[in-house]
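Descriptive analysis of the structure
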Amino acid sequence: AVLARTHRPARCRRLGTWRRPGCIMHEQDSDQEEVSSSGDETRGAKSSPSLEVSSSDEETVVGALEESGFLITDAVAKIDIPNTRNLAHMIGEANAKARGQGRHRAACLSHFFLALSVGFWVMVFGLPLYHLRFYYTLFGQRGSVIHKVAEEFNESRHSGKTFANGVQMDNLLLTCASLDVGKMRNTAPDGHYPKLESWNGNMLEWNKSKRGDIWCGYFPGSFLLNWPNVAQFIIFSVYKNTGTTINLAFQGIVGTAMAGLNVEFMIRLFPHGASGHNCLYKADGVQDNQWNVLWYVRKRGWYQKQCTSRGEAIRYYNDADKGGLKARGVFGPDGKIVPSLTWSRTDAWNQKLDARYQDLQSEDCEPGTIVYKDPNYAAYGEIACLVDVALVLLLFLISKSSRNTIMFGMSWHVTWMMSFMNPSVGVLNDDDGDVMGWLGFLSADVVVVFFTTLIGAVFAIVATLIPRMGLLNTSKLHDDSVAVTHRITTVWSECTLYFLGGERSPRRFQLEKQINSIEELSADVRDHVDGAWWETFDFGSWGNRRYLLQLFDAHAAEIRNILQVVKKCVLSETFKGDHNRFMESVQSQVHELVAVTAALMWLCMQAASDGVVDALEAEQIAAQVEVVVEKEAA
């Protein structure tokens, strides 16, 4: 009744295929056909079959209500309830579903297939990490399994025997640098350290089996470390249905973005972060008995390691070659470079290596202390970072944000700030002067994490759609409303019959359970209504439909609250005193009132089910409201 009164005066304004939610299609606004000579009227705005008003239909609303458990007396049968074939069929289907428990079985099957779908996509995105061929295809010849990749897919060992500086480097293994992608070729002559360049059509034919040609994958090396985030995000985003999954994915994206924005803010304050190195020499210039290894890796910057023996220094010297190496060298206890343990890509890099070591020697610091690249960080950076970590975590906790937003935001915030405050990591730099372009942008850890997060979000949603498992909330709204209407009207009828039964019986406990089940069903309906917003954003006809069914459910909630009072009455009624005599006196009127009220609720539900309350539906609802008011007065 409230639905009818609320929307009857409204007029539809056609904007393409969109209509204002809840508007009524009047004859001049709709695409209705003219009324035929038999009095039948077809609704052009409806997608369901035509609504035919006929008292001679084999399938009638009164008959369907009787099948639901209503006691249809002669007086009730004579009530002018709109006998619409669609509405009677809808009530009949609700009766069949209530008997067959199909709702629970369908939910169980959909969740089972959802679990299989999630497992499939997690397996797909996990393949590059635990299957060698997929690893090689996506990331190329790099990472912890590089030796196995080279042996399996590439004849990529260098053919030179001795380098120009006299260092023996037989069978040198080629590795892709962090930003190397696609087909790469070693253009360095024999006897020189390899120099990888992107292959192009002007070069000789590229062949992975050719010595010196290697494949560096479709993604930069930074994606290798963060690739598990795709599977992780799918697992933490998929839940129940499509709408809820979209909601959780959006929350995770927002949390990740907030953490990323905070790191970018800190980079503006401290461009190098906590990047630094250990002090090499004492302030008075006296050298310790130590070996120092220096090397530079593209995009990662300078590295320095203090060793206590020549053997340890050689081990770090050899391990420095992980791709993107520009220069490396070992300096002995006397402060001089070891000729047999030095290499640089060009003479310019050889000079940079010497200059770097001279800078380290001239530093006025105490051994064991850290020399920060950014003097501002050395002054107050650590305190500022600790305050930032605590403040951002506090803001997440008091923001009342959704759980996924807080979870992903706090997780990535702590992870990135730990790297930011790590002297051996800090902020990735570009000190070598190379032009990084879009690959350099993609290699940034924040960008890579956000990119893999988006991939995970997309396939989390796909997991709920393929294969088709009925997890779209928009497809459940109509069935939910039918189930709620059927449950409420049936419980009202059975409560009435109990009060007219004449004696107290265990039936009251069954009624209590049925009334409680309505609240459980309604909770699912609210979840589906809320989730449908994320699937439609209230656009188009689906948005109109969700809006009206949400309004219908809100008014049905008022009836559910009244049923809680009825439950108390059913449980406490003792059938003593004048109870039976009173119920006998109003028996006929009660049956009539319950029947016409149930018919009104079904009419309202049907009107809201397609997102448009047209003129014919409004008239039927208004007429039924008058009948209910009349029976209530009687």
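**Concerning the nonpolar core**
Core analysis: the largest hydrophobic core is formed by 40 residues, its most contacted members being Ile488, Cys495, Leu563, Val570 and Ile621. Broken down by secondary-structure element, the contributors of at least two residues to this core are helix 17 (477-499), helix 18 (507-536), helix 19 (540-572), helix 20 (579-608) and helix 21 (615-633). Looking at this core, the element that brings in the most residues is helix 20, giving 10 residues. Setting aside anything within four residues of it in sequence, one finds Leu563 in contact with Ile488, Val491, Trp492, Ile515 and Ile518. Counting 21 residues, the second largest nonpolar core, distinct from the first, contains Met266, Tyr377, Phe408 and Val446.

**Focus: the pairing of strand 9 (residues 337-344)**
Here strand 8 (residues 325-331) runs beside strand 9; their pairing, made up of four bridges, is antiparallel. For Arg328, the partnering residue across the bridge sits in strand 9 and is Trp343. Once strand 8 ends, the chain turns through five residues before running back antiparallel as strand 9, passing Gly335 with a positive phi of about 85°.

**Points about the sheet that holds strand 8**
Spatially, four strands are ordered 7-6-8-9 in an open sheet, and the strand pairing comes out antiparallel. Two strands close off the open sheet at either side, each with one partner strand: strand 7 (301-307) and strand 9. The mean inter-strand angle of the sheet, taken between neighbouring strand axes irrespective of direction, is 10°. As paired elements, strand 6 (residues 291-297) and strand 7 share seven bridges and run antiparallel to each other. What sits directly across from Asn292, in strand 7, is Gln306. Across the sheet, helix 11 (residues 310-319) is in contact with strand 6, strand 7, strand 8 and strand 9; its angle to strand 9 comes to roughly 10°. Where helix 12 (residues 347-361) meets the sheet, its contacts fall on strand 6, strand 7, strand 8 and strand 9, and the angle it forms with strand 8 comes to roughly 50°.

**Some words on the packing of helix 17 against helix 18**
Where helix 17 contacts helix 18, the axes come no closer than 10 Å and their chain directions differ by 160°. It follows from the interaxial angle that helix 17 and helix 18 lie roughly antiparallel. At the point where helix 17 passes helix 18, the crossing takes the left-handed sense. Residue-level contacts link Leu477, Asp480, Ala483, Val484, Arg487, Ile488, Val491, Glu494, Cys495 and Tyr498 of helix 17 to Arg507, Arg508, Leu511, Gln514, Ile515, Ser517, Ile518, Leu521, Val525, His528, Val529 and Ala532 of helix 18.

**Side note on the environment of Leu114**
Along the chain, the position of Leu114 falls in helix 5 (residues 102-130). Assessed through its relative accessible area of 8%, Leu114 is described here as buried. For Leu114 and Asn241, which are 127 residues apart along the polypeptide, the C-alpha to C-alpha distance reads 8.8 Å.

**Points about the sheet that holds strand 2 (residues 183-186)**
The sheet built from three strands is open, its strands ordered 3-2-4 with antiparallel pairing. Two strands close off the open sheet at either side, each with one partner strand: strand 3 (196-198) and strand 4 (213-215). Each neighbouring strand pair of the sheet contributes to a mean axis angle of 35°, computed without reference to strand direction. Bridging between strand 2 and strand 4 involves three bridges; their strand directions are antiparallel. Residue Lys183 lies in a different strand from strand 4, and its bridge partner there is Trp215.

**So, the state of the cysteines**
For the structure on display, the rule yields one disulfide. Disulfide pairing places Cys176 opposite Cys216 at an S-S distance of 2.1 Å. Measuring the twist about the S-S bond at about -90°, one finds the Cys176-Cys216 disulfide to be left-handed. You can see Cys176 sitting in the loop between helix 7 (146-153) and strand 2 and its partner Cys216 sitting in the loop between strand 4 and helix 8 (222-226), a full 40 residues away along the chain.

**Describing the pattern of salt bridges**
The tally for this structure, following the rule as stated, stands at nine salt bridges. For Asp538, the salt bridge identified is with Arg546, shortest N-O distance 2.7 Å.

**As for the packing of aromatic side chains**
Taken as a whole, this structure holds 26 aromatic pairs when the rule is applied. Judged by centre distance (5.1 Å) and plane angle (75°), the ring pair of Trp215 and Tyr218 falls under edge-to-face. By relative accessible area, which is 13% here, Trp215 ends up buried. Between Trp412 and Trp416 the ring centres are 5.2 Å apart and the planes differ by 25°, which places this aromatic pair in the stacked class. Here Trp412 and its partner Trp416 are both found in helix 14 (residues 403-420), four residues apart, which amounts to about one turn of the helix. One aromatic cluster is present, formed by Phe120, Trp121, Phe125, Tyr135, Phe139, Phe219, Phe223, Trp227, Phe451 and Phe459 through successive ring pairs. The ring of Trp199 is capped by Lys183, whose NZ or CZ atom sits 5.1 Å from the centre of that ring. Over the ring of Tyr317 we find Arg328; its NZ or CZ atom is 4.2 Å from the centre of that ring.

**Focus on unusual backbone geometry**
For Lys240, which is not a glycine, the phi torsion comes out positive at approximately 65°. Structurally, Lys240 can be placed in the loop between helix 9 (228-237) and helix 10 (242-269). Classification of Lys240 by relative accessible area gives partly exposed; the value is 34%. Positive phi outside glycine occurs at Lys400, with the angle close to 60°. Relative to the assigned elements, Lys400 resides in the loop between helix 13 (375-398) and helix 14.

So, how was this worked out
- Residues numbered from 1 in each chain as written.
- Predicted model: local features only at pLDDT ≥ 70, side-chain atom pairs only at ≥ 80, totals over all residues.
- Heavy atoms only, no water.
- Core = buried A, V, L, I, M, F, W, Y, C linked by side-chain atoms within 4.5 Å.
- Buried < 20%, exposed > 50% of the residue type's maximum accessible area, 1.4 Å probe, protein only.
- Helix = DSSP H or I, 4+ residues; strand = E, 2+ residues; numbered from the N terminus.
- Contact = heavy atoms within 4.5 Å.
- Pairing = 2+ DSSP bridges.
- Axes fitted to C-alpha atoms, helices over the stretch in contact; angles between N-to-C directions.
- Parallel < 35°, antiparallel > 145°, perpendicular 65-115°, else oblique.
- Left-handed = near helix turned anticlockwise from the far one by under 90°.
- Disulfide = S-S within 2.5 Å.
- Salt bridge = Lys/Arg side-chain N within 4 Å of Asp/Glu carboxyl O.
- Phe/Tyr/Trp six-rings, centres within 6.5 Å; stacked < 30°, edge-to-face > 60°.
- Lys NZ or Arg CZ within 6 Å of the ring centre and 35° of its normal.

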